[in-house]
Amino acid sequence: MKIDWLTKLYIKFFPRSFLRQAVLENNFDPKKIGYAERLFSDCERIDIQPLSDSSRGFIITLDKKFSLWFFQDGDHFVYDGFETGEYDDGEVTVFDGLK
């Protein structure tokens, strides 16, 4: 997909406005962008780990203190909840097998 020069300028100089516009054009709730921004922007460390049991899913851990759990549901993943505590480092090779 080619991006015209005007859109490139818009992205470069007004990235937040561009994202807000793109979200609205795709009928996505813009509040969710704000939630994600607030959740992830202050994190110093984000780790991803596969689930340790035989379930298909993964855990996203923020600053080794807060974890978000996701499980496979058919052809996608669903959020399953969160936990707090002390967590080990993530698995940086978790995506190595993907093409």
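Relevant structure appears above.
Below you will find a few notes about this structure. From a predicted model like this one, the values you see are computed outputs, not experimental measurements. (Residues numbered from 1 in each chain as written. Predicted model: local features only at pLDDT ≥ 70, side-chain atom pairs only at ≥ 80, totals over all residues. Heavy atoms only, no water.)

1. Considering the pairing of strand β2 (residues 57-62)
- Summarising burial for β2: five of the six residues are buried, a large majority.
- With five bridges connecting them, strand β1 (residues 46-50) and β2 associate as antiparallel partners. The residue of β2 that forms the bridge with proline 50 is phenylalanine 58.
- Following β1, the chain reverses through six residues before pairing antiparallel with β2.
- Here six bridges tie β2 to strand β3 (residues 66-73), and the two strands are oriented antiparallel to one another. (Buried < 20%, exposed > 50% of the residue type's maximum accessible area, 1.4 Å probe, protein only. Helix = DSSP H or I, 4+ residues; strand = E, 2+ residues; numbered from the N terminus. Pairing = 2+ DSSP bridges.)

2. What about the sheet that holds β2?
- The strand order across the open sheet built from four strands is β1-β2-β3-β4, with neighbouring strands paired in antiparallel fashion. Because the sheet does not close on itself, it has two edges, and the strands there are β1 and β4 (76-84). Each adjacent strand pair in this sheet contributes to an overall mean axis angle of 20°, direction not counted. (Axes fitted to C-alpha atoms, helices over the stretch in contact; angles between N-to-C directions.)

3. Quick notes on the pairing of β3
- Taken together, β2 and the strand that follows it, β3, pair antiparallel across an intervening segment of three residues, in which aspartate 63 is found at a positive phi of about 50°.
- Note that β3 and β4 share eight bridges and pair antiparallel. In the sheet register, leucine 68 faces β4, and the bridge partner there is phenylalanine 82.
- Connecting β3 to the antiparallel partner β4 that follows it, the hairpin turn spans two residues, and glycine 74 within it adopts a positive phi of roughly 70°.

4. What about the packing of helix α1 (residues 5-13) against helix α2 (residues 15-25)?
- Two elements in contact, α1 and α2, have axes separated by 5 Å at closest approach and are oriented at 115°. Contacts between α1 and α2 involve Thr7, Tyr10, Ile11, Lys12 and Phe13 from the former and Pro15, Ser17, Phe18 and Gln21 from the latter.
- Its residues placed into classes, the contact of α1 with α2 shows five nonpolar, three polar and one charged. (Contact = heavy atoms within 4.5 Å. Nonpolar A, V, L, I, M, F, W, Y, C, P; charged D, E, K, R; others polar.)

5. Observations concerning the side chain of threonine 61
- Mapped onto the elements, threonine 61 comes out in strand β2.
- Sequence-distant contacts of threonine 61, defined by excluding residues within four places in its chain, comprise Arg45, Ile46, Asp47, Phe66, Ser67 and Tyr87.

6. What about the side chain of aspartate 47?
- Of note, aspartate 47 is situated in strand β1.
- The exposure class assigned to aspartate 47 is buried, which follows from its relative accessible area of 7%.
- Polar side-chain contacts of aspartate 47 include one of 2.7 Å to the side chain of arginine 45.
- Sequence-distant contacts of aspartate 47, defined by excluding residues within four places in its chain, comprise Ile59, Ile60, Thr61, Lys64, Asp88, Asp89 and Gly90. (Polar contact = N/O pair within 3.5 Å; in protein donor to acceptor, adjacent residues only side chain to side chain.)

7. A short note on the nonpolar core
- One finds Cys43, Ile60, Leu62, Leu68 and Phe70 forming the largest nonpolar core, which totals five residues.
- Secondary structure elements with two or more residues in this core: β2 and β3.
- The contact partners of cysteine 43, leaving out residues within four places of it in the chain, are Leu62 and Asp63. (Core = buried A, V, L, I, M, F, W, Y, C linked by side-chain atoms within 4.5 Å.)

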